[in-house]
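# Structural features, examined
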Amino acid sequence: MKLSPKRILSIIAISILLASLTILAVYLKNVADYKKAVKDISFGKIEISNVPDGVYLGECDVNFIYAKVKVTVQNGRITDIDLLEHKNERGKSAEIIIEKIMENQIIDVDAISGATNSSVVIEKAVENALADSESEKSE
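Please read these numbers as outputs of a predicted model, since none were measured by experiment.

What follows covers the pattern of salt bridges. Applying the stated criterion to the full structure yields five salt bridges. Salt-bridge contacts for Lys-70 lead to Asp-82; the nearest nitrogen and oxygen are separated by 3.8 Å. Highlighted residues: Lys-70 in strand β2 (residues 66-74) and Asp-82 in strand β3 (residues 77-87), separated in sequence by twelve residues. Its salt-bridge partner being Glu-127, residue Lys-124 comes within 2.4 Å of it at the nearest N-O pair. You can see Lys-124 and its partner Glu-127 sitting in helix α3 (residues 116-131), three residues apart, about one turn around the helix. Glu-127 shares its class with Lys-124; the two are buried.

Written as structure tokens, this is what we have:
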């Protein structure tokens, strides 16, 4: 049985449509998972004044947004935060949150408007760096 060109085009069009719908469904699921991961981030109470002097690495990854930081602590104060990596959607403006953390000497500061999710991920990366200050320090 020979298929007509019209039938072949119909099969191809339906196949493309189904593939597109599958890709869209996977993408929407990933977006939903990412939003839930950001929403589920919570912050502990880290007393920065109790963190030993040193340089600490931390990261936070919620799929669409990723941050890796290097945090320097001296004399019970955060003296420097280097944002080593920041994968973001539209959250580049959140990078100013580092200055707010250092200025206030607390991790959970107000998020940057328009870049809330990136702000939260950067803050969590800083917290993760300091959370286990007993662990091996970076060089």
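Once you've had a look at it, read on.
What follows is about the sheet that holds β3. Ordered in space as β1-β2-β3, the three strands form an open sheet in which the pairing is antiparallel. The outermost strands of the open sheet, each flanked by one partner alone, are β1 (54-61) and β3. Here the strands of the sheet are splayed against their neighbours by 20° on average, with no regard to which way each runs. Bridge count between β2 and β3: nine bridges; the pairing is antiparallel. Its bridge partner lying in β3, Lys-70 is registered against Asp-82. Packed on one face of the sheet, α3 meets β1, β2 and β3 and runs near 140° to β1.

Given a rise of 1.5 Å per residue, 35 residues ought to cover 51 Å, and the 51 Å separating the end C-alpha atoms of helix α1 (residues 5-39) matches this to within 8%. For α1, every residue scored as buried is listed here: Val-31, Tyr-34 and Val-38. Next to the buried residues of α1 lie α3.

Another aspect to go through is unusual backbone geometry. For Asn-63, which is not a glycine, the phi torsion comes out positive at approximately 80°. For Asn-63, a relative accessible area of 43% translates into the label partly exposed. Backbone geometry at Gln-105 places phi at a positive 55°, although glycine is not the residue there. Along the chain, Gln-105 turns up in the loop between α2 (97-104) and α3.

Taken as a whole, α2 has its buried residues at Ile-97, Ile-98 and Ile-101. One side of α2 carries all its buried residues, which in axial view fall inside an arc of 105°. Every exposed residue of α2 that faces more than 90 degrees away from the buried side is listed here: Glu-99 and Glu-103. Buried residues belonging to α2 abut β3 and α3. Directly beyond the C-terminal end of α2, a positive phi value near 55° is found at Gln-105.

Parameters and conventions
- Residues numbered from 1 in each chain as written.
- Predicted model: local features only at pLDDT ≥ 70, side-chain atom pairs only at ≥ 80, totals over all residues.
- Heavy atoms only, no water.
- Salt bridge = Lys/Arg side-chain N within 4 Å of Asp/Glu carboxyl O.
- Helix = DSSP H or I, 4+ residues; strand = E, 2+ residues; numbered from the N terminus.
- Buried < 20%, exposed > 50% of the residue type's maximum accessible area, 1.4 Å probe, protein only.
- Pairing = 2+ DSSP bridges.
- Axes fitted to C-alpha atoms, helices over the stretch in contact; angles between N-to-C directions.
- Contact = heavy atoms within 4.5 Å.
- Expected span 1.5 Å × (residues − 1).
- Arc of directions from axis to C-beta.

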